[in-house]
Amino acid sequence: LTRCWGTLLCCWALMGPHEASGPLDGELFVQCWYARGYETYIKYWCRGTDWKSCHVAVQTSDSEAIAKQSRVSIRDIHTFCMFMVTMKNLTEGDSGIYWCGIERLGSDLMSSVKVSVLPGKFLHESHWIFTGLRKVRGQKLRADSRVTVFIEQTVQILFMQQQFSWPLIQHL
C-alpha cells in the first residue's frame, strides 16, 4: 500500500508492483510509477519491513542519470513518470520487503514491494523467448502472451539502459 497523509489524491501519487521476483544469480527489474509534478523529486529504493525504518539502497538525483550503489541501480524517466530499479546477482538474502519512495517535504510517498528470489532451478525469463514460440498446425511460428510480455519488458529495459532512443521504440 502507498503511505500517504492528507487527501485521497495523494494515495495515487506513487504506485509500484505488490510483488516482484527474479532468479537466483539473475536480475530483478521493478518499475515504480508516479504522478506528474514529481519529475524532479528524489526517488529511492529502500529495504525494511516498516517504512519508518527502511534502509535506502539507492537513490536518484533530480536528473535522469542512472545511479548505482553496489548491485542496485535506479533510473528516473521523467517522460514516462516512472523510475526503474535493477538488482543484479540476486542472492536468497535479497528476498524481503522493499519500498519505492519519493522524497518530499513532510512525509515521503512510499509503496511496498515484496521481493522474492526464485531458486536456481526456475527458468530465467530470457528462456521464455524460446519456449514461448511454437508451431501451430504447420503455420508460422506464433508467440504466446509470455513472449509478448518478455519482448515489451526487454524493450523497456534496453531503453532504460540507453541502448535505444524513444523514436526507435515508437516504430517497433
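The name given to the chain in an unreviewed UniProt entry is Immunoglobulin domain-containing protein, with the source organism recorded as Pelusios castaneus. In the Subcellular location (unreviewed entry) part of its UniProt record, the chain is described as follows: "Membrane".

Phi at Cys-81 is positive, roughly 50 degrees, even though this residue is not glycine. Locating Cys-81 in the fold gives a position in the loop between strand S8 (72-77) and strand S9 (82-87). The phi dihedral of Asn-89 falls on the positive side, at around 50 degrees, and the residue is not glycine. Topologically, Asn-89 is positioned in the loop between S9 and strand S10 (96-102).

Counting through the fold element by element, Gly-48 comes out in the loop between strand S5 (43-47) and strand S6 (55-59). Separated by 51 residues in the primary sequence, Gly-48 and Trp-99 have C-alpha atoms spaced 7.7 Å apart.

Here we take up the nonpolar core. The biggest cluster of nonpolar side chains holds 25 residues, and the ones touching the most others in it are Leu-14, Val-30, Trp-45, Phe-83, Val-85, Met-87 and Cys-100. If you list the elements that add at least two residues to this core, you get strand S4 (28-34), S8, S9, S10 and strand S11 (109-118). Tyr-44, Cys-54, Trp-99 and Met-110 belong to the second largest nonpolar core, which has 5 residues in total.

Below, the discussion takes up the packing of aromatic side chains. Scanning the entire structure with this criterion turns up 3 aromatic pairs. Where Trp-45 meets Tyr-98, the ring centres are 5.1 Å apart and the plane angle is 10 degrees; that geometry is what we call stacked. Residue Trp-45 is located in strand S5, and its partner Tyr-98 is located in strand S10; the two are separated by 53 residues in the primary sequence. Seen from the ring of Tyr-34, Lys-43 lies directly overhead, with NZ or CZ sitting 4.3 Å from the centre.

About the criteria used
- For every chain, the first residue of the written sequence is number 1, and numbering continues from 1 along that sequence.
- Reporting of local features is limited, given that this is a predicted model, to residues whose pLDDT is at least 70; pairs of side-chain atoms are given and counted only at 80 or more, and all residues count toward the totals for whole chains, interfaces and linings.
- To get the side-chain values, all heavy atoms of the structure are used, and hydrogens and water are removed first.
- UniProt positions are given in the numbering used here, feature names are shortened, and annotations may be inferred rather than shown by experiment.
- Counting from the N terminus, the helices are DSSP H or I runs at least four residues long and the strands are E runs at least two residues long.
- Residues belong to a common nonpolar core when they are buried Ala, Val, Leu, Ile, Met, Phe, Trp, Tyr or Cys residues joined through side-chain atoms within 4.5 Å.
- Each residue gets one of three labels from its accessible area relative to the maximum for its type: buried under 20%, exposed over 50%, partly exposed in between, using a 1.4 Å probe on protein chains only.
- Working definition: rings of Phe, Tyr and Trp (its six-membered ring) pair if their centres are within 6.5 Å, and the pair is stacked with planes under 30 degrees apart, edge-to-face with planes over 60 apart, and tilted otherwise.
- Put simply, a charge is over a ring when the Lys NZ or the Arg CZ is close to the ring centre, within 6 Å, and near the line of the ring normal, within 35 degrees.

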